[in-house]
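What follows is each chain in one-letter form.
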Amino acid sequence: MAQKITDEIIEYVGILAQLEIQGQEKEQIRKDMEQILDYVDRLNQLDTEGIEPMSHVFPVTNVFREDKVENKDQRDHMLANAPASKDGAFQVPRTIE
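Structure report, in brief. (Residues numbered from 1 in each chain as written. Predicted model: local features only at pLDDT ≥ 70, side-chain atom pairs only at ≥ 80, totals over all residues. Heavy atoms only, no water.)

On the secondary structure map, Arg30 appears in helix H2 (residues 23-44). You can call Arg30 buried: its relative accessible area is 14%. In contact with Arg30, other than residues within four places in its own chain, are Ile5, Thr6, Asp7 and Ile10. (Helix = DSSP H or I, 4+ residues; strand = E, 2+ residues; numbered from the N terminus. Buried < 20%, exposed > 50% of the residue type's maximum accessible area, 1.4 Å probe, protein only. Contact = heavy atoms within 4.5 Å.)

A few words now on the side chain of Lys26. The residue Lys26 is located in helix H2 in this model. For Lys26, a relative accessible area of 17% puts it in the buried group. Discounting residues that sit within four places of it in the chain, Lys26 has contacts with Asp7, Ile10, Glu11 and Ile21.

As enumerated under the stated definition, the model contains four salt bridges in all. The partner of Glu11 in a salt bridge is Lys26, with the nearest N and O atoms 2.9 Å apart. On the criterion of sequence distance, the pair formed by Glu11 in helix H1 (residues 7-16) and Lys26 in helix H2 is long-range, its members being 15 residues apart. The exposure class of Glu11 is partly exposed, given its relative accessible area of 41%. Because the salt bridges share partners, they merge into one network encompassing Asp7, Glu27 and Arg30. (Salt bridge = Lys/Arg side-chain N within 4 Å of Asp/Glu carboxyl O.)

Together, Tyr12, Val13 and Leu16 give the surface a local cluster of nonpolar side chains, amounting to about 310 Å² of exposed area. Judged by its relative accessible area of 52%, Tyr12 falls in the exposed class. (Patch = residues over 30% accessible without salt bridge, like charges linked within 9 Å, V, L, I, M, F, W, Y side chains within 5 Å. Areas by Shrake-Rupley, 256 points an atom, 1.4 Å probe, with all protein chains shown as cover.)

This part takes up unusual backbone geometry. Phi is mostly negative for residues that are not glycine, and the peptide bonds are mostly trans. The backbone phi angle of Gln18 is positive, close to 55°, even though this residue is not glycine. Accessibility expressed as a relative area gives 73% for Gln18, which makes it exposed. Positive phi, normally seen in glycine, also occurs at Asp87, with a value near 55°. Tracing the chain through its elements places Asp87 in the loop between strand E1 (85-86) and strand E2 (89-90).

The following block contains the structure:
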């Protein structure tokens, strides 16, 4: 075991987590924290030499596509469907007086 969990540590963690820890809960929290630290010690014993760190479990590729201009120069065709147009843009009724 890497470190003995004391009442002071449990109280400090309780303060940080803004928890009120009662007497019976302290013993269960102590056991849980000691198990967590034991597991971390076991993980630290693993040989990770040459293992590349990863940020995702699954391989992530760039999901963005390149911007391609398609259907260019169809402004006149689009404006033909508009009820009104002005200066190469849709003309809409004024909403603010």
